[in-house]
Every structure is written in structure tokens, then in C-alpha cells.
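Understanding the architecture of this molecule
Here's the letter readout for the chains.
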Amino acid sequence: IYTLSLHDALPIYGRSRFDAYGALRVTRGWFEVEEVPGKLAAAFRQSNAFTLEATVWPELRRTEDPARIVSLAVDAKSQNLSLSQDGTEAVLRVRLTRDGEKDHETAEFGKLEPGVPNHILVTYRSGRLAAYQNGQQVLDTDAVQGDLSDWRNGMRIAIGADPTFLVLPVRGDA
């Protein structure tokens, strides 16, 4: 389990900040964990599974463009995972390898309510993607297929807006 702590030294970019309660505020900016331990990428590859949990508090009812919430990537060509808000929907994009071909699968789930905390949990194991919002299952599908064998060491975790190394569309082929 990799857990971010307020005691970690998180580089802060743009207008991001910690608020008075220690929450990460990411309006027009992002926080970045620059080097995720290599053991984490290896664990993803070996288990062929991940779970992402976040509590998000959107300020906007809907977004014009996808608003990145959290991303795991090495660089713009090796984005492994992103959770975004697109319009009112929560969207997961994950890099998978199937039959030797790399591709990004996209799944929309749950409407994000502005002005209140939205607890999101997304879990994937080979061939099964499930998502929960505020304790209720909102997605359970086997339509997302592939493995995490192409996830490389050197990943960064970005919380908030797109850092320059993560500029990729949420939809479409990668």
C-alpha cells in the first residue's frame, strides 16, 4: 500500500495549496510525487491489479474539459492511470496491454456532486473493473480487459491539473 502523507515533501505547482484543514486544494495547479518507489510499479505488474481511493470535493458542477484528479505516469507517452472529472462524470483511464498491444481503456462512472465530498474507490484485477462512490457500487464490468505488464518504473503521481508531462486526452487512442 502506498499512502501519501502530509509529512511527505510534495512539490506544489501553480495555485495549488494546503488549506487550513490540511486538504489539498488544486485549483489551476497540482501536487506531484516525483518518484514513486520502483517496488510499487513492480507490484502492479506482478499482481495485475490496483485499487485507487480518493475523496474529491469538486467546486464546479461540470467541467468543459476533463479535469484531472489524480494520475500515475512516467511521461506523456507512458500514462498508466488517471482519474478525472469530465462534465459531471467521474472517468477512469487505464493503460493496459492485451495480446501484445498497448491501449488505454476508458470507463465513466458516477456523477460527481459539487460542494460536497465524493468518496471514490476504483479497483481492477485482470478482466474486472469495479467502482464505488460514497459506498455504493456504480460500476462492475468485464469490458475492460488487459494486463499491467507495460507499467514502468519511474512513475510520478500527480494530484490536480495536468502537469506538462501528463498532457494527454482522456479519450481516444494513445
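Details of the structure are given in the entry above.
Residues numbered from 1 in each chain as written. Predicted model: local features only at pLDDT ≥ 70, side-chain atom pairs only at ≥ 80, totals over all residues. Heavy atoms only, no water.

As a further point, take the overall build of the protein. From N to C terminus, the protein includes 1 helix and 13 strands. Written out in order from the N terminus, the α and β elements of the protein read β-β-β-β-α-β-β-β-β-β-β-β-β-β. Put simply, the protein has 174 residues, and 45% of those count as buried. Partitioning the intrachain contacts of the protein with sequence separation of at least 6 by distance along the chain shows that 55% fall at a separation of at least 24. (Helix = DSSP H or I, 4+ residues; strand = E, 2+ residues; numbered from the N terminus. Buried < 20%, exposed > 50% of the residue type's maximum accessible area, 1.4 Å probe, protein only. Contact = heavy atoms within 4.5 Å.)

Attention now moves to the sheet that holds strand 11 (residues 128–133). The 4 strands lie next to each other as 5-10-11-12, forming an open sheet whose pairing is antiparallel. Each edge of the sheet is formed by a strand with only one pairing partner; in this case those strands are strand 5 (49–56) and strand 12 (136–141). Averaged over all adjacent pairs, the angle separating strand axes in this sheet is 10°, with direction ignored. (Pairing = 2+ DSSP bridges. Axes fitted to C-alpha atoms, helices over the stretch in contact; angles between N-to-C directions.)

Bringing the pairing of strand 5 into the picture now. Here strand 5 shows a clear split, with Phe50, Leu52, Ala54 and Val56 buried on one side and none of Ala49, Thr51, Glu53 and Thr55 buried on the other. Where strand 5 meets strand 10 (residues 118–125), 8 bridges bridge the pair, whose relative direction is antiparallel. By the bridge assignment, Val56 is partnered in strand 10 with Asn118.

Before going further, it helps to examine unusual backbone geometry. At Asp99, a residue that is not glycine, the phi angle is positive and equals roughly 55°. Its location among the elements puts Asp99 in the loop between strand 8 (89–98) and strand 9 (101–111). Positive phi outside glycine occurs at Asn134, with the angle close to 50°. If you trace the backbone, Asn134 turns up in the loop between strand 11 and strand 12.

Here we come to a nonpolar patch on the surface. Nonpolar side chains collect at one region of the surface, where Ile12, Phe18 and Leu24 lie side by side and expose about 220 Å² of accessible area between them. In this structure, Phe18 sits in strand 2 (residues 17–18). For Phe18, a relative accessible area of 32% translates into the label partly exposed. (Patch = residues over 30% accessible without salt bridge, like charges linked within 9 Å, V, L, I, M, F, W, Y side chains within 5 Å. Areas by Shrake-Rupley, 256 points an atom, 1.4 Å probe, with all protein chains shown as cover. Salt bridge = Lys/Arg side-chain N within 4 Å of Asp/Glu carboxyl O.)

A general trend in soluble globular proteins is that nonpolar side chains are found buried together. Ranked by internal contacts, the top residues of the largest apolar core, which has 35 residues, are Phe50 and Phe109. The contact partners of Phe50, leaving out residues within four places of it in the chain, are Phe44, Leu81, Leu92, Val94, Val122, Thr123, Tyr124, Leu148 and Trp151. (Core = buried A, V, L, I, M, F, W, Y, C linked by side-chain atoms within 4.5 Å.)

Enumeration over the complete set of coordinates arrives at 5 salt bridges. The shortest N-O distance in the salt bridge between Arg98 and Glu105 comes to 3.6 Å. Using a relative accessible area of 41% as the deciding quantity, one classes Arg98 as partly exposed. One salt bridge connects Asp150 with Lys102, and the closest N-O pair in it is separated by 3.8 Å. With a gap of 48 residues between them, Asp150 in the loop between strand 12 and strand 13 (156–160) and Lys102 in strand 9 connect regions that are remote in the sequence. Exposure remark for Asp150: the relative accessible area of 19% places this residue in the buried category.

Polar side-chain contacts of Asp150 include one of 2.5 Å to the side chain of Arg95. Aside from chain neighbours lying at most four places away, what touches Asp150 is Arg95, Thr97 and Lys102. (Polar contact = N/O pair within 3.5 Å; in protein donor to acceptor, adjacent residues only side chain to side chain.)

Another point: the packing of aromatic side chains. Here the structure, examined in full by the defined rule, presents 3 aromatic pairs. Relative to Trp151, the ring of Phe44 has its centre 4.9 Å away and its plane inclined at 70°; by these criteria the two rings are edge-to-face. Linking Phe44 in helix 1 (residues 38–47) with Trp151 in the loop between strand 12 and strand 13, this pair joins segments that are 107 residues apart in sequence. Taking 5.9 Å as the distance between ring centres and 25° as the angle between the ring planes, the aromatic pair formed by Phe50 and Trp151 counts as stacked. (Phe/Tyr/Trp six-rings, centres within 6.5 Å; stacked < 30°, edge-to-face > 60°.)

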